[in-house]
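Summary of the model geometry
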Amino acid sequence: MTLEQKNSASPKPVVSNTAVFSVEDRVFAEQVRLLYDQGLPAMLAAPLCGLMLAAVLWPVTPHHRLIVWVCVVCVVTAMRMYQVWRYRHTPSASDVKGWARAYAAGSFVAGCYWGAAVPYLFPVDHPQYQYVLILVICLLLVSIMFSFSALKRAFFAVSLPTMLPLIATLTIWGDRSEQIIGAGLVVFSTVVILYTLRIHRILKESLALRFENIDLIEDLKATRVQTDALNESLMRSRALLESTLQASAGGLASFDPAGTLVTWNQKFIDAWGMSPEQATNMPREAFLKHMQMQLRPEAMDSLIDVLRELKEAFPPVHLVLETNDGRIVETHGEPQRVDGKVFGSVWSLHDITESRKSEERLRYMAQHDPLTGLPNRGLLYDRLKQAVLRSERSGRLSAVFYLDMDGFKKVNDECGHQAGDLLLQGIAQRIKSCLRASDTVARIGGDEFVVVLEQFDESSQVEDMAKAIVEKLGKPYTLNGQECSVTVSVGIALCPTNGNDPDDLLNYADAAMYSIKQSSGNAFSTFN
């Protein structure tokens, strides 16, 4: 388990709310957390050391004493590990002092069973075994120094009950050599205590510095937020920011009250083909003349109107201009005001060429059949309405042809859908070849087409057009190397002979087409 995993597994005793918890509170909470994290290895080492010690003392110590003592060690260790588990799985460990007291109590119990090992297990008549016991307890004290240095009370709770019985036994009731060892243990314990206190102090100071730094960072962040807010408020109070926001659309530039170009970005000068040297302090009249050179002649009228207004004022400007290289540029201009007084203007521009092309593509796709490229039903209806209006104004005939292919399904089934698509494209091209530029042919679905013709004086002229279409479409087609033939049934409705309503004209032409298709096909019929 890595340090990050260990820290995330342990609950955070104190939230980082500096308004509620002081640095001392958070330092103490972190000490307790470190205690529960770092004390676990010492807890696990306790039963292992106890078992090893019991194994060494087995030949010279009553067995029942060793067994009882080892069992106590294991039970206390299990209880303390359960205590650690509870600490780590407590959703909110805000009662830090309670957890510290609980850990110190557990440490005191652990120190007591190690201290009890001296009177309870001490091999009086076997010095060599006494040394083993003394060595184990000294090593245990060193382990405690590193594991329990986070909190002084926990260290003293376990170290004093562990060492005092041993030191007392050797110095008070021991012989001369044992008293010397006891004195050495006093010195050793003092050194360990002093070193532990030093570790504790360094740890506490480093934690305090850490949390003070965290508080300082938070304060700096808060100050930065406040400063940013003040700067934003200050900038918002200036008309330049408001004008810039209103005019921002890609390229950006501003003119001072004298009409001189004072600020600009790279996109702005790139759009008008200027170098930074040209743009620097460029008079407004020179800039507008430079714009004129970049524009197509048809875009000049709108610019001339603006030039007329800009001679004495800074009015709001909105222009969509087309340049010589085919780009479409949208330009905005806004006056810069401070306390109601105009102090220049801010201009922005945005290249909308691609968006315009996308709009045109979408408009085309919405109005045309994707297979043949012919107008679809929606565009057809619009053109038919316009044809009816022109016919009413001029008094001349307009006609609607409703075409349905005879035998198309057979070709589509036998030769495949790809051949059917090629056939529809060929039919569309043949119909267009029979028409004038002012006429309209549309595909309205499947193998059905509608033709709108205008400006005829006699119905016979319309019939001649229908005849030409029938003959043209009846000629064989070559599709993927195979020759096939289809014919067409054409229904005709005349405006104003059969009415002036576009829907009625379409229905009449459809009815006439259906009539001829039911009889023989490969012909045309006028609605009567």
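These numbers come from a predicted model, not from an experiment.

**Details of the nonpolar core**
Ranked by internal contacts, the top residues of the largest apolar core, which has 57 residues, are Val32, Trp69, Tyr113, Trp114, Phe148 and Leu185. Breaking this core down by element, the ones donating at least two residues are helix H2 (23–57), helix H3 (63–88), helix H4 (96–121), helix H5 (127–147), helix H6 (152–172) and helix H7 (176–236). Ranked by the residues each element gives to this core, the list is headed by H2, at 14 residues. Excluding residues within four positions of it along the chain, Phe148 makes contact with Leu35, Ala42, Arg80, Tyr103, Ser107, Ala154, Phe155 and Val158. Counting 35 residues, the second largest nonpolar core, distinct from the first, contains Ile427, Val441, Leu453 and Val488.

**Re the pattern of salt bridges**
Scanning the model with the defined rule gives 14 salt bridges in all. When the shortest N-O distance is used, the salt bridge between Arg210 and Glu30 registers 3.4 Å. Residue Arg210 is located in helix H7, and its partner Glu30 is located in helix H2; the two are separated by 180 residues in the primary sequence. The exposure class of Arg210 is partly exposed, given its relative accessible area of 40%. Measuring nitrogen to oxygen at the nearest pair gives 3.0 Å for the salt bridge that ties Asp457 to Arg396. Placement of the pair is Asp457 in the loop between strand E9 (448–456) and helix H17 (459–473) and Arg396 in the loop between helix H14 (377–394) and strand E7 (397–406), with a sequence separation of 61 residues. Owing to a relative accessible area of 30%, Arg396 belongs among the partly exposed residues under this scheme. One continuous salt-bridge network, built from bridges that share partners, spans Glu30, Arg33, Asp37, Arg88 and Arg210.

**As for the sheet that holds strand E3 (residues 282–283)**
Pairing is antiparallel across the open sheet formed by six strands, whose spatial order is E3-E2-E1-E6-E5-E4. Only two strands of the sheet have a single partner each, and these edge strands are E3 and strand E4 (317–322). As paired strands, strand E1 (residues 251–255) and strand E6 (residues 341–351) are joined by five bridges and run antiparallel to one another. Looking at E6, one finds that Leu252 is bridged to Ser348.

**Thoughts on the pairing of strand E2 (residues 260–264)**
Bridge count for E1 against E2 is three bridges, and the pairing is antiparallel. Counted as the bridge partner of Ser254 is Thr263 from E2. The hairpin turn running from E1 into E2, its antiparallel successor, is four residues long, and Gly259 in that turn takes a positive phi close to 85°.

**Comments concerning the confidence of the model for the protein**
The predicted model of the protein has a mean per-residue pLDDT of 81, with 89% of residues at 70 or higher. A low-confidence stretch, residues 1–19 stays under pLDDT 50, and its non-local contacts, those more than four residues away or across chains, total 29 contacts.

**Observations regarding the packing of H14 against helix H18 (residues 502–519)**
Geometry of a packed helix pair, given as the angle between the helix axes and the separation of the axes. Where H14 contacts H18, the axes come no closer than 9 Å and their chain directions differ by 105°. With respect to their mutual orientation, H14 and H18 come out roughly perpendicular. Contacts between H14 and H18 involve Tyr381, Leu384, Lys385 and Val388 from the former and Pro502, Asp503, Leu505 and Leu506 from the latter. Here the contact of H14 with H18 is built from residues that sort into six nonpolar, no polar and two charged.

**Description of the packing of H2 against H5**
Closest axis-to-axis distance for the H2/H5 pair is 10 Å, and the angle between their directions is 175°. Taken together, H2 and H5 sit at an angle that is classed as roughly antiparallel. Seen from H2, the contacting residues are Leu35, Gln38, Gly39, Ala42, Leu53, Val56 and Leu57; seen from H5, they are Tyr129, Val132, Leu133, Val136, Ser143, Phe146 and Ser147. Each residue belonging to the contact of H2 with H5 can be placed in one class, and the counts come to ten nonpolar, four polar and no charged.

**Some words on the sheet that holds strand E13 (residues 523–526)**
Spatially, the five strands line up as an open sheet ordered E8-E9-E7-E12-E13, and their pairing is mixed. Each edge of the open sheet is held by one strand with a lone partner, namely strand E8 (440–445) and E13. Pairwise comparison of adjacent strand axes, ignoring direction, gives a mean angle of 20° for this sheet. Note that E7 and E9 share seven bridges and pair antiparallel.

**Details of the packing of aromatic side chains**
Geometrically, a pair of aromatic rings is defined through the distance of the ring centres and the angle of the planes. As enumerated under the stated definition, the model contains twelve aromatic pairs in all. Considering the side-chain rings of Tyr87 and Trp99, the 5.2 Å spacing of their centres and the 85° angle between planes classify their relative orientation as edge-to-face. Note that Tyr87 is positioned in helix H3 and Trp99 in helix H4, a separation of twelve residues in sequence. Under the relative-accessibility criterion, Tyr87 is labelled buried at 1%. Taking 5.7 Å as the distance between ring centres and 50° as the angle between the ring planes, the aromatic pair formed by Phe255 and Phe287 counts as tilted. Residue Phe255 is found in strand E1, and its partner Phe287 is found in helix H11 (residues 284–294); the two are separated by 32 residues along the sequence. Look at Phe255 and you get buried, because its relative accessible area is 1%. On the basis of relative accessibility, which here comes to 0%, the residue Phe287 falls in the buried class. Through a chain of ring-to-ring contacts, the aromatic side chains of Tyr36, Tyr87, Trp99 and Tyr103 assemble into a single cluster. Between the NZ or CZ atom of Arg80 and the centre of the ring of Tyr103, over which it lies, the distance is 5.0 Å.

Parameters at a glance
- Residue positions are counted from 1 within each chain, in the order its sequence is given.
- Only residues with pLDDT of at least 70 get local features here, since the model is predicted, and only at 80 or more are side-chain atom pairs given and counted; chain-wide, interface and lining totals rely on the full set of residues.
- Hydrogens and water molecules were not included; the side-chain quantities draw on all heavy atoms of the structure.
- By nonpolar core we mean a set of buried residues, namely Ala, Val, Leu, Ile, Met, Phe, Trp, Tyr and Cys, connected to one another through side-chain atoms within 4.5 Å.
- Residue burial is assigned from relative accessible area. The probe radius is 1.4 Å, only protein chains are included, and a residue is buried under 20% of its type maximum, exposed over 50%, and partly exposed in between.
- Strands are runs of DSSP state E lasting at least 2 residues, helices are runs of H or I lasting at least 4, and numbering of each runs from the N terminus.
- Between two residues, a contact is recorded if the distance between any of their heavy atoms is within 4.5 Å.
- Criterion for a salt bridge: a side-chain nitrogen of Lys or Arg within 4 Å of a carboxyl oxygen of Asp or Glu.
- Whether two strands pair depends on DSSP finding at least two bridges between them.
- Residue-level confidence of the predictor, termed pLDDT, takes values from 0 up to 100.
- Lines fitted to the C-alpha atoms define the axes, with helices restricted to the stretch that makes contact. Angles between their N-to-C directions range from 0 to 180 degrees.
- An angle counts as roughly parallel when it lies under 35 degrees, as roughly antiparallel when it exceeds 145, as roughly perpendicular when it falls between 65 and 115, and as oblique in every other case.
- Under the convention adopted here, Pro, Cys and the residues Ala, Val, Leu, Ile, Met, Phe, Trp and Tyr are nonpolar, Asp, Glu, Lys and Arg are charged, and Gly plus all remaining residues are polar.
- Two rings belonging to Phe, Tyr or Trp (six-membered ring only in the last case) form a pair when the distance between their centres is within 6.5 Å. Interplanar angles under 30 degrees mark stacking, angles over 60 mark edge-to-face geometry, and anything in between is tilted.
- We call a charge positioned above a ring when the Lys NZ or Arg CZ atom is no farther than 6 Å from the ring centre and deviates by at most 35 degrees from the ring normal.

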